[in-house]
Amino acid sequence: MRTLLSICFIALTVNLAAQEGQLSDRASFLSDQEQAKITAQLGKAFKNAALRVEVVTVADQGGKSSREFALGLSESLNLYRAGLNPAALIVLSKRERKVDIVVNPAWEWSLTDEETKLIKREMVNQFRYQNFYQGLALGIERLMEQASSLDFKVEHQSIEEVKAHLTTGKGRLARLVL
């Protein structure tokens, strides 16, 4: 129950209507200056790669595994609201000393589990030396690189928008593989 309340509280502190990713440093890993830098980097990720990254730090995961906690939080944050654009959630837990990355379905097909593990490994290498800002910044940068390497640009936020666009006869023809 405590975990569910924590997830709901964290979800409420993040502006769900925002297109850009946001930072919620609930475990106080970062200084105010570092938080400002991460927030700017999240804006850059959205502007340059149409990538929404949510970064959440927590004191503990309430007894859940890091994956289970991150998936529950991604649902609470409505990570899938990103539509067809790539979106990711980075969760850093103080007590469990764990980091996890969850991506939305629009990105799962191109960002492999192995690539995600490599990104997490690079982040953990920084966290070992208490370089939390550097680790998070590096993870966001690697996710931006992956999103920038996608073969297509997404102009629509949902399948419904694509269908509506195609039926109006305007714009380019899009081929979707579902």
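Model, not experiment: these values are computed from the prediction.

K.L.:
Could you give an account of the packing of helix 5 (residues 113-127) against helix 6 (residues 132-148), naming the residues involved and the relevant values?
P.N.:
Where helix 5 contacts helix 6, the two axes come as close as 7 Å, and the packing angle between them is 160 degrees. With respect to their mutual orientation, helix 5 and helix 6 come out roughly antiparallel. The handedness of the crossing between helix 5 and helix 6 comes out as right-handed. Side by side, helix 5 and helix 6 meet where Glu115, Ile119, Glu122, Met123, Gln126 and Phe127 of the first sit next to Phe132, Gln134, Gly135, Leu136, Leu138, Gly139, Arg142, Leu143 and Gln146 of the second. A class-by-class count of the residues in the contact of helix 5 with helix 6 yields seven nonpolar, five polar and three charged.

K.L.:
Quick one: what's the story with helix 5, residue by residue and with numbers?
P.N.:
End to end, helix 5 covers 21 Å across 15 residues, agreeing with the expected 21 Å (1.5 Å per residue, within 8%). Within helix 5, the full set of buried residues consists of Thr116, Ile119, Met123 and Phe127. Along helix 5, the residues classed as buried sweep out an arc of 90 degrees about the axis, all on the same side. Buried-residue contacts for helix 5 involve strand 3 (87-93), strand 4 (98-103) and helix 6.

K.L.:
Break down the side chain of Thr116 for me, with residues and values.
P.N.:
Following the sequence through the fold, Thr116 ends up in helix 5. Those residues in contact with Thr116, other than ones at most four positions away along the chain, are Ile101 and Leu111.

K.L.:
Tell me about the pairing of strand 2 (residues 52-58), and please be specific about residues and values.
P.N.:
Counting buried positions along strand 2 yields seven of seven residues, so the element is predominantly enclosed. Neither face of strand 2 is left uncovered, since the one carrying Arg52, Glu54, Val56 and Val58 and the one carrying Val53, Val55 and Thr57 both have all their residues buried. By the bridge criterion, three bridges tie strand 1 (residues 23-25) to strand 2 in an arrangement that is parallel. Looking at strand 2, one finds that Leu23 is bridged to Val55. Handedness of the strand 1-helix 2 (residues 32-49)-strand 2 crossover: left-handed. For strand 2 and strand 3, the ladder comprises seven bridges, and the chain directions are parallel. Counterpart to Arg52 in the pairing with strand 3 is Ala87.

K.L.:
So, the side chain of Glu54: which residues are in play, and what are the values?
P.N.:
Relative to the assigned elements, Glu54 resides in strand 2. On the basis of relative accessibility, which here comes to 1%, the residue Glu54 falls in the buried class. Polar side-chain contacts of Glu54 include one of 2.8 Å to the side chain of Arg52.

K.L.:
Go over helix 2 with me, naming the residues and quoting the values.
P.N.:
Along its 18 residues, helix 2 runs 25 Å from first to last C-alpha, staying within 8% of the 26 Å computed at 1.5 Å per residue. Of all the positions in helix 2, only Ile38, Gln41, Leu42, Gly43, Ala45 and Ala49 are classed as buried. Along its buried surface, helix 2 packs onto strand 1, strand 2 and helix 6. Count one or two residues on from helix 2 and you reach Ala50, which has phi positive near 50 degrees.

K.L.:
I'd like to hear about the packing of aromatic side chains, residue by residue, with values.
P.N.:
Applying the stated criterion across every chain yields a total of two aromatic pairs. Aromatic rings pair up to connect Phe29, Phe127 and Phe132 into one cluster. Across from the ring centre of Phe29, 5.1 Å away, lies the NZ or CZ of Lys94, which sits over that ring.

What counts, and where the lines are drawn
Residues numbered from 1 in each chain as written. Predicted model: local features only at pLDDT ≥ 70, side-chain atom pairs only at ≥ 80, totals over all residues. Heavy atoms only, no water. Axes fitted to C-alpha atoms, helices over the stretch in contact; angles between N-to-C directions. Helix = DSSP H or I, 4+ residues; strand = E, 2+ residues; numbered from the N terminus. Parallel < 35°, antiparallel > 145°, perpendicular 65-115°, else oblique. Left-handed = near helix turned anticlockwise from the far one by under 90°. Contact = heavy atoms within 4.5 Å. Nonpolar A, V, L, I, M, F, W, Y, C, P; charged D, E, K, R; others polar. Expected span 1.5 Å × (residues − 1). Buried < 20%, exposed > 50% of the residue type's maximum accessible area, 1.4 Å probe, protein only. Arc of directions from axis to C-beta. Pairing = 2+ DSSP bridges. Right-handed = clockwise from strand over helix to strand, strands pointing away. Polar contact = N/O pair within 3.5 Å; in protein donor to acceptor, adjacent residues only side chain to side chain. Phe/Tyr/Trp six-rings, centres within 6.5 Å; stacked < 30°, edge-to-face > 60°. Lys NZ or Arg CZ within 6 Å of the ring centre and 35° of its normal.

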